[in-house]
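Structural characterization, general
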Amino acid sequence: MATRHTYRTFARRAATAAGIGIAAALAVLAYHTLLTALEHRLFNTTSSHLVFIASSLSPLFRLLVPVLGGIAAGALLWGGGKLFPQASRQPFSNDYLDAVRYGNGRLLLSSSLVTVGASLCVVVTGNSVGREGAMILLAALTAHLLARKFTPEREWALWTACGAAAGMSCAYHAPFMGYFFVVEVFMGIFAPLAAWPAGVAAAAAFAVTCLAQDGGPQYALAAPVSASITEYAVIAALSVAAGLLGPAYLAALEWAKTLFKRTGLPRLPRLALGGAIVGALSLAYPNVWGNGYSTITEILNAHKGMGFIAGILLCKGIAICAASGSGAPGGIFTPTLFIGAALGALADGALIACGAAAPCLPALVLGGMVTVLSAVTHAPIMAAVIACELTGNFSLFLPLLAGSLVATAISRRIRKRSIYDD
């Protein structure tokens, strides 16, 4: 009888995880469709690349559009606070990470939807935050609503986490990363074997994504990756540099938040100020607009001058701090990938400047992405897996994993808390 009960529980959880993955993917795809339609409507273009859109705008509009997005987001958050005052008194009401860790996976529909809407406002207007954060929150919310209706309360945290895994899988076309996100980020609650439903949810979400969209890797490589001992040595050096850079990056984000709070401005003008900083920086580099996706693709496939990369890295880093510090709702995941990609591109430029034979650019850029992401998230397996899934190339998995482990170890030595603990 015990064995039959075990099999029945396994089958029920597998079916629930698959259903949550499908529902979460549909929610993310709906959000993506709305986001694309708004971009096309606002800017009268068929392009979904914000860098291209920014480049086509006059300097005045490039400056003002992120400001208007910040104002719209601030107004929506202010109105949401007035309409749903109970949400502000509920801990973790729209934070799926803390909701799973400390709040039994409970998410409030009202505050979560307001946050998703505010994120849509800043993302579509070019602010330097990730669009994926709102997608993952929406996927986790969808999972929680289903869990509340069909599962016992003791399982809600698991299903909310499965929704986050499905959201990750759908947003990045990376099902393995979705699973390891749950395993490493929620390790205090779930052991790897206990988190197997997250893998089912991520796989189901990826299947739906492949049916609805192109299921190929997000960052297509123009040439195959064939790393030599030179690239391996540089990845090792990048792991040390990223281990030192990660804590500094997190400290800069904290400092920016403190600086904005010291202004004493209410949320709406703070968001407008953050948008103004992003808009002003985009006058020098249109690449400042958006989460960095377009620029990562460009960096992966073409050698760039060190001056160009250094300028973008400086301006984009300030823009990310301004957006995050002002309270712009959105993710930090893809912007962090950009920081790592730029670090790898700088290493490529340094090798060329030293007279080395043309190195394998994608290997170095991926090395930077993986090591910086692992130093910031303290999730080395997830970081190594996502770089491989994003490009569809697993030939560098072992050296990337080794580099991410080193970067995580150094980063933890300097700063015990990751970006998910702040």
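Residues numbered from 1 in each chain as written. Predicted model: local features only at pLDDT ≥ 70, side-chain atom pairs only at ≥ 80, totals over all residues. Heavy atoms only, no water.

Let us look at unusual backbone geometry. The phi dihedral of H173 is positive, around 55°, even though this residue is not glycine. Examined against the element boundaries, H173 turns out to sit in the loop between α8 (156-172) and α9 (175-185). Judged by its relative accessible area of 11%, H173 is buried. Here H378, not a glycine, exhibits a phi torsion of approximately 60°, which is positive. Position of H378 relative to the elements: it lies in the loop between α16 (361-377) and α17 (380-391). (Helix = DSSP H or I, 4+ residues; strand = E, 2+ residues; numbered from the N terminus. Buried < 20%, exposed > 50% of the residue type's maximum accessible area, 1.4 Å probe, protein only.)

So, about the nonpolar core. Y96, Y172, M177, F181 and F333 are the most contacted members of the largest nonpolar core, which has 118 residues in total. Apart from residues lying up to four places away in sequence, F333 is in contact with M168, Y172, L373, M382, I386 and Y420. Among the nonpolar cores identified, the runner-up in size contains seven residues, and F43, L50, L57 and V65 belong to it. (Core = buried A, V, L, I, M, F, W, Y, C linked by side-chain atoms within 4.5 Å. Contact = heavy atoms within 4.5 Å.)

Let us look at the pattern of salt bridges. Any two side chains of opposite charge can pair, so long as their charged atoms come close to each other. Under the defined criterion, the tally for this structure stands at seven salt bridges. Of the charged contacts in the structure, one is a salt bridge between R13 and E155, with a shortest N-O distance of 3.3 Å. With R13 in helix α1 (residues 2-43) and E155 in the loop between α7 (132-150) and α8, this residue pair connects regions lying 142 residues apart in the sequence. Judged by relative accessible area, which is 3%, E155 ranks as buried. When the shortest N-O distance is used, the salt bridge between E298 and K304 registers 2.9 Å. A residue is classified by how much of its surface remains accessible, and E298, at 30% relative accessible area, is partly exposed. A relative accessible area of 26% places K304 in the partly exposed class. (Salt bridge = Lys/Arg side-chain N within 4 Å of Asp/Glu carboxyl O.)

By themselves these figures say nothing about function.
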